[in-house]
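Report on the structure
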Amino acid sequence: MFDPQQPLVIFTDLDGSLLDSHSYDWQPAALWLMRLKQQHVPVILCSSKTAAEMLLIQKEIGLEGRPFIAENGAVIQLDAQWRDDESWPRLIKGAPHAEILSVLQHLRERDGYKFTTISDVDEQVFSEWTGLDHKHAALARLQEASETLIWRDSDERMAAFSAKLQQLGLRFIQGARFWHVLDEQSGKAQAVSFLRRRMLQREGHDRLAIGLGDGPNDAELLDATDYAVVIKSLSRAGVQLQNDDPQRVYHTEQRGPHGWSEGINHFLGG
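All of these numbers come straight from a predicted model, not from anything done at the bench. (Residues numbered from 1 in each chain as written. Predicted model: local features only at pLDDT ≥ 70, side-chain atom pairs only at ≥ 80, totals over all residues. Heavy atoms only, no water.)

With burial as the criterion, each face of strand β2 (residues 43-46) is covered, one bearing Val43 and Leu45 and the other bearing Ile44 and Cys46. Note that strand β1 (residues 8-12) and β2 share 3 bridges and pair parallel. By the bridge assignment for β2, phenylalanine 11 is matched with isoleucine 44. You can see the chain leave β1, run along helix α1 (residues 30-38) and come back into β2, and the turn it takes is right-handed. Relative to strand β3 (residues 68-70), β2 runs parallel, the two sharing 2 bridges. Directly across from cysteine 46, in β3, lies its bridge partner isoleucine 69. (Buried < 20%, exposed > 50% of the residue type's maximum accessible area, 1.4 Å probe, protein only. Helix = DSSP H or I, 4+ residues; strand = E, 2+ residues; numbered from the N terminus. Pairing = 2+ DSSP bridges. Right-handed = clockwise from strand over helix to strand, strands pointing away.)

Another point: the pattern of salt bridges. For the coordinates displayed, the defined rule picks out 15 salt bridges. In this structure, aspartate 111 and arginine 110 form a salt bridge, with 3.0 Å as the shortest nitrogen-oxygen distance. Judged by its relative accessible area of 48%, arginine 110 is partly exposed. Three or more residues are tied together by salt bridges with common partners; here these are Asp13, Lys188 and Asp218. (Salt bridge = Lys/Arg side-chain N within 4 Å of Asp/Glu carboxyl O.)

What follows deals with the nonpolar core. Ile10, Ile210 and Trp260 are the most contacted members of the largest nonpolar core, which has 44 residues in total. If sequence neighbours within four positions are ignored, isoleucine 10 has contacts with Leu36, Val41, Pro42, Val43, Ile44, Ile210, Leu212, Trp260 and Ile264. Residues Leu91, Ala209, Ala228 and Leu241 belong to the second largest nonpolar core, which totals 23 residues. (Core = buried A, V, L, I, M, F, W, Y, C linked by side-chain atoms within 4.5 Å. Contact = heavy atoms within 4.5 Å.)

We now examine empty space enclosed by the protein. For the coordinates displayed, the defined rule picks out 1 cavity of 30 Å³ or more. One number sums up the size of the largest cavity: a volume of about 30 Å³. As for the largest cavity, its lining consists of Val9, Arg196, Met199, Leu200, Glu203, His205, Asp206 and Arg207. Of all the elements, helix α7 (residues 188-203) adds the most residues to the lining of the largest cavity, at 4 residues. Class assignment for the residues of the lining of the largest cavity results in 3 nonpolar, 1 polar and 4 charged. (1 Å grid on protein atoms, 1.4 Å probe; cavity = no way out; pocket = protein on both sides within 12 Å on 5 of 7 lines; lining within 4 Å. Points joined across faces, edges and corners; volume = space filled by probe spheres on them. Nonpolar A, V, L, I, M, F, W, Y, C, P; charged D, E, K, R; others polar.)

In this fold, glutamine 58 is placed in helix α2 (residues 51-61). A polar contact is formed between the side chain of glutamine 58 and the backbone oxygen of arginine 66, at a distance of 2.9 Å. For glutamine 58, the residues in contact, after removing those within four places along its chain, are Leu45, Leu63, Glu64, Gly65, Arg66, Pro67 and Phe68. (Polar contact = N/O pair within 3.5 Å; in protein donor to acceptor, adjacent residues only side chain to side chain.)

One open sheet holds the 8 strands; their spatial order is β5-β4-β3-β2-β1-β10-β11-β12, and the pairing between them is mixed. Lying at the two open borders of the sheet, with one neighbouring strand each, are β5 (90-92) and β12 (249-255). Going from strand to strand, the sheet's axes swing by 15 degrees on average, the running direction of each strand aside. Of the strands in this sheet, β2, β3, β4 (75-77) and β5 are in contact with α2, which crosses β3 at around 145 degrees. Lying over the sheet, helix α9 (residues 256-268) contacts β1, β10 (208-213), β11 (227-232) and β12, oriented at roughly 145 degrees with respect to β12. (Axes fitted to C-alpha atoms, helices over the stretch in contact; angles between N-to-C directions.)

Function cannot be inferred from these measures alone, as they are strictly geometric.
So, in structure tokens, the structure goes:
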């Protein structure tokens, strides 16, 4: 049974969840964000976006200084107050971006896989792909420990490509709009667990965790939290959870930040 009196922490996806998929607007969630801040409930962003993007988004939303999880868990930013932590300010999990990109280019040249990476295009093209302005598009290209791509080959070839990456110690995961390649040591679940352990060590008590997400790559995030909100998505793949118990998981009727607020309201009440 959910106990709202316990200390809380919120882990949330961005695109399609806290941010509208098309406009990137977060204002429909502004009231709950303000309440959570007043109640000293950490809201930790967890996304495929780069650390550079997320630092800007934190500032825009009013979450400066909080930890966040970038590049699907390959990059973990620590709380601004944790300067004595050996990993401060940022922890990179597994292979760096340059190494991952080299592997992808090698496989494409050798085996003829058809895909376009974010590194293949300039800021203007990526802006056209995403609808991001040039400032945000430039920040999105500053990947540190993953690579983003559009798959342009068959499903059969994708399965072979994914298996080859796995043999090389890499993961191939589907986001709301793109595919992402990162080290197998990385992941949203591992990053959530890492930050929860750090918070327990520093605060002396565990926090009840609520996760919110809408895409296939959010499943492990939602499985790693005590309670979960699956936000209605445009994705055909949906979110497949290991534990979809209705006492633990709430599925929203609304999308984006409206669905985000609906989910928080379900657990925390008006």
